[in-house]
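A closer look at the structure
Each chain, letter by letter, is given below.
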Amino acid sequence: MTHGVDNPAVKEERAADSSDHGERLADVLDDPHCRYLLKYLRDTGEPASVSEVATYVVSQLTDSPPDEVSTDVERRVQTWFYHGQLPMLDDYGVIDFDPDSGTVQLAEDSAA
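The paragraphs below set out a description of the structure included in this document. Since the structure is predicted, the reported quantities are computational estimates derived from the model, not experimental observations. (Residues numbered from 1 in each chain as written. Predicted model: local features only at pLDDT ≥ 70, side-chain atom pairs only at ≥ 80, totals over all residues. Heavy atoms only, no water.)

**Quick notes on the pattern of salt bridges**
Any two side chains of opposite charge can pair, given that their charged atoms come close. Definition in use: In what follows, salt bridge is the name for a side-chain nitrogen of Lys or Arg lying within 4 Å of a carboxyl oxygen of Asp or Glu. In this scheme, a residue with accessible area under 20% of its type's maximum is buried, one over 50% is exposed, and one in between is partly exposed, where area comes from a 1.4 Å probe on protein chains only. Counting from the N terminus, the helices are the DSSP runs of H or I reaching at least four residues and the strands are the DSSP runs of E reaching at least two.
Applying the stated criterion across every chain, the model contains 3 salt bridges. Between Arg42 and Asp43 there is a salt bridge, with the nearest N and O atoms lying 4.0 Å from each other. Classification of Asp43 as partly exposed rests on a relative accessible area of 47%. For Asp72, the salt bridge identified is with Arg76, shortest N-O distance 3.0 Å. Here Asp72 pairs with Arg76, and both are found in helix α4 (residues 71-91), just 4 residues apart, close to one helical turn. On the accessibility criterion, Asp72 (46% relative accessible area) is partly exposed. Shared partners join several salt bridges into a network, and the residues in it are Lys39, Arg42 and Asp43.

**Focus on the pairing of strand β2 (residues 95-98)**
Put simply, the test is: At least two bridges found by DSSP between two strands is the condition for calling them paired.
With burial as the criterion, only one face of β2 is covered, namely that bearing Ile95 and Phe97; the residues Asp96 and Asp98 on the opposite face remain uncovered. Pairing geometry for β2 and strand β3 (residues 103-106), over 4 bridges, is antiparallel. Among the inter-strand pairings, Asp96 is bridged to a residue of β3, identified as Gln105.

**Some details on unusual backbone geometry**
With phi around 55°, Asp63 is a residue other than glycine that occupies positive phi space. Structurally, Asp63 is set in the loop between α3 (50-62) and α4.

**Looking at the packing of aromatic side chains**
Rules: Centres within 6.5 Å are what make two rings of Phe, Tyr or Trp a pair, Trp counting through its six-membered ring; a difference in plane orientation under 30 degrees is then read as stacked, over 60 as edge-to-face, and the rest as tilted.
Tallied over the entire structure, the rule returns 3 aromatic pairs. Taken together, a centroid distance of 4.8 Å and an interplanar angle of 40° make the contact between Tyr40 and Tyr56 tilted. Taken together, the residues span a long stretch of sequence, with Tyr40 in helix α2 (residues 32-44) and Tyr56 in helix α3 at a distance of 16 residues. The residues Tyr40 and Tyr56 share a single accessibility class, namely buried. Between the aromatic rings of Tyr82 and Phe97, the centroid separation amounts to 5.2 Å while the plane-to-plane angle is 90°, which identifies the pairing as edge-to-face. Here Tyr82, found in helix α4, pairs with Phe97, found in strand β2; they are 15 residues apart in sequence, far enough to count as distant.

What follows is the structure in structure tokens.
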């Protein structure tokens, strides 16, 4: 039984879901926070803590040295990453995010 796989309505719904999925990913990747996150992970080539990634991103966005990044701002970006962007990028297969250890790295087969 094909469960409606050949049904035009099912195909249309799957195409819409796929298109919506692609648009959401494009929106996420269009965000400068995420672009700097991915650049950092690509450049380091190893797992990084969410804290160090957030500090790097803030330093890039504010054009300031990492040691001058406000702890408050770094924590807000870290929280935003931890509860929003990182799980989403992990779901898309762009990164591997481990919320228990607080580490992130590019996924093995990531095109990023």
